[in-house]
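What follows is the residue order along each chain.
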Amino acid sequence: MIGQVAVRRFPALTVSTPRTEVRQLRAADADAVDEVFADRQTQRWLPLADANGQIDGPAWCTDLARQRRDSGDGDHYAVVRREDVRVVGCLWTRRTDWGARLTEVSYALAPHARGFGLAAEAVDALAIALILEHGFQRVELRVAPGNVASRRVAEKAGFSYEGLLRNAGFVRGARVDLELWSLVAADLH
């Protein structure tokens, strides 16, 4: 394959913690995903592609997840609360750089599941699995300043604050700065 670069496919994985299971999204998860992304607090902080501010749950769980996975850019995951086997959140990886072995993780939790540490537990487990089991060297989180809950998730999941990326993102159509947080392989030794 001279002149062609082979696309790496994002690794399929399932990670269990005492209270959660992180697994690839399935078509049957679409209603739960709709609930997570329909929440006003979630919409306040996430850049949503759809003009009406909604993410299409069935597409997010199937076509969009498959496209991201097949392109090597990342994947979409369900956060399943083990006590009732209910999908209570979503994690997704993106901006994967296979040469540098890094990826970015984003997350959103349903309102009824917030405040119990489930997001931090799931993010931590996913990041550790990516580093220890799949050879990633760096996992990043980007948080809009003012999103205190998301900053707490980053801290509790063991990520280190690196600095401010000025004018690096957008929320609800407006440009925003983003805090850069990271977990690197050396943090786990």
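A quick note: this is a predicted structure, and the numbers were derived from the prediction, not measured.

So, how was this worked out
Residues numbered from 1 in each chain as written. Predicted model: local features only at pLDDT ≥ 70, side-chain atom pairs only at ≥ 80, totals over all residues. Heavy atoms only, no water. Disulfide = S-S within 2.5 Å. Buried < 20%, exposed > 50% of the residue type's maximum accessible area, 1.4 Å probe, protein only. Pairing = 2+ DSSP bridges. Helix = DSSP H or I, 4+ residues; strand = E, 2+ residues; numbered from the N terminus. Contact = heavy atoms within 4.5 Å. Axes fitted to C-alpha atoms, helices over the stretch in contact; angles between N-to-C directions.

A. Inspection of the state of the cysteines at higher detail. Per the stated rule, a full pass over the model turns up 0 disulfides. Here Cys 90 is not disulfide-linked; the sulfur of Cys 61 is the nearest cysteine sulfur, at 6.7 Å. Assessed through its relative accessible area of 1%, Cys 90 is described here as buried.

B. Inspection of the sheet that holds strand 2 (residues 20-24) at higher detail. One open sheet holds the 8 strands; their spatial order is 1-2-3-4-5-6-8-7, and the pairing between them is mixed. Each edge of the open sheet carries a strand with a single partner, namely strand 1 (15-16) and strand 7 (160-171). As paired strands, strand 4 (residues 86-97) and strand 5 (residues 102-109) are joined by 7 bridges and run antiparallel to one another. Note on strand 5: the bridge partner recorded for Arg 94 is Glu 104. The strands that helix 1 (residues 30-38) touches are strand 4 and strand 5; relative to strand 4, the one it contacts most, it runs at about 75°. Against the sheet, helix 4 (residues 63-71) makes contact with strand 2, strand 3 (75-81) and strand 4, and its axis sits at roughly 125° relative to strand 3, the strand it touches most.

C. Geometry of the pairing of strand 5. The buried fraction of strand 5 is high, at 8 of 8 residues. Here strand 5 shows two buried faces, one formed by Leu 102, Glu 104, Ser 106 and Ala 108 and the other by Thr 103, Val 105, Tyr 107 and Leu 109. The antiparallel pairing of strand 4 with strand 5 creates a hairpin that spans 4 residues between the two strands, and Arg 101 there sits at a positive phi of about 55°. Of the strand pairs in this sheet, strand 5 and strand 6 (residues 138-143) are connected by 3 bridges, and their pairing is parallel. What sits directly across from Thr 103, in strand 6, is Val 139.

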